Amino acid sequence: MVPELPPLPALTRAEGEFVDAYLEVVDLLGRINPSRTLHTYGALRAAQALVGRATALREALTVMHVRGEAEVHAETLARALRVLDGERRAERVTVPGTRAS
């Protein structure tokens, strides 16, 4: 049986788009990471897609700013990132540690 995930915290539409676009950027950066990728073509495709997702991220933040959402509620957004598996997804962006022999 699959464990039930906690519900996402209440987010504005722009906050939801911010979180979604951020995670998409993280996923793409993980595919580009030279310490983890195996083929240039996959990394190239991810780099090409990164431009569009970075634009979506910028647009979500612009909408938040224009609507007067001047503060980023980091604790709430961190909860949303955890529910959406953000910690595991962000691990792919880091350089893997060396293994002790």
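Described below are features of the structure shown in this document. Just so you know, these numbers come straight off a predicted model, no measurement behind them. (Residues numbered from 1 in each chain as written. Predicted model: local features only at pLDDT ≥ 70, side-chain atom pairs only at ≥ 80, totals over all residues. Heavy atoms only, no water.)

## Observations concerning the overall build of the protein chain
- Secondary structure assignment for the protein chain yields four helices and zero strands.
- When the elements of the protein chain are put in sequence order from the N terminus, they spell out α-α-α-α.
- The principal-axis extents of the C-alpha atoms in the protein chain amount to approximately 50 × 35 × 25 Å.
- A total of 101 residues make up the protein chain; the buried ones form 24% of that total.
- For the protein chain, the share of sequence-separated contacts (at least 6 apart) that also reach a separation of at least 24 residues comes to 81%.
- Only carbon and sulfur atoms are counted for the fraction: they give 58% of the accessible area of the protein chain, which is about 7500 Å².
- Each charge class in the protein chain can be summarised by its mean position, and for the 13 positive and 13 negative side chains these summaries are 8 Å apart. (Helix = DSSP H or I, 4+ residues; strand = E, 2+ residues; numbered from the N terminus. Buried < 20%, exposed > 50% of the residue type's maximum accessible area, 1.4 Å probe, protein only. Contact = heavy atoms within 4.5 Å. Areas by Shrake-Rupley, 256 points an atom, 1.4 Å probe, with all protein chains shown as cover. Lys, Arg positive; Asp, Glu negative; His and termini not counted. Charge placed at Lys NZ, Arg CZ, Asp CG, Glu CD.)

## Quick look at the nonpolar core
- In terms of nonpolar packing, the biggest core is built from ten residues, these being A14, F18, V19, A21, L23, V25, L57, A60, M64 and L77.
- Counting only elements with at least two residues in this core, the list comes to α1 (13-32) and α2 (40-66).
- Per element, the largest residue contribution to this core is six residues, and it comes from α1.
- For L57, the contacting residues outside a window of four places in its chain are F18, A21, Y22 and V25. (Core = buried A, V, L, I, M, F, W, Y, C linked by side-chain atoms within 4.5 Å.)

## What to know about α2
- Counted at 1.5 Å a residue, the expected span for α2 with its 27 residues is 39 Å, and the 39 Å between its end C-alpha atoms agrees.
- At L50, α2 is deflected by roughly 30 degrees, the largest bend along its length.
- Listed in full, the buried residues belonging to α2 are A43, A46, L57, A60 and M64.
- The inward-facing, buried residues of α2 contact α1.
- Residue G68 follows α2 closely and has a positive phi angle near 90 degrees. (Expected span 1.5 Å × (residues − 1). Bend = angle between axes of the 7 residues up to and from the residue.)

## With respect to the side chain of R89
- Within the secondary structure layout, R89 lies in helix α4 (residues 86-91).
- Setting aside anything within four residues of it in sequence, one finds R89 in contact with L23, E24, V26, D27 and L84.

So far we have only geometry, and geometry alone does not tell us how the molecule works.
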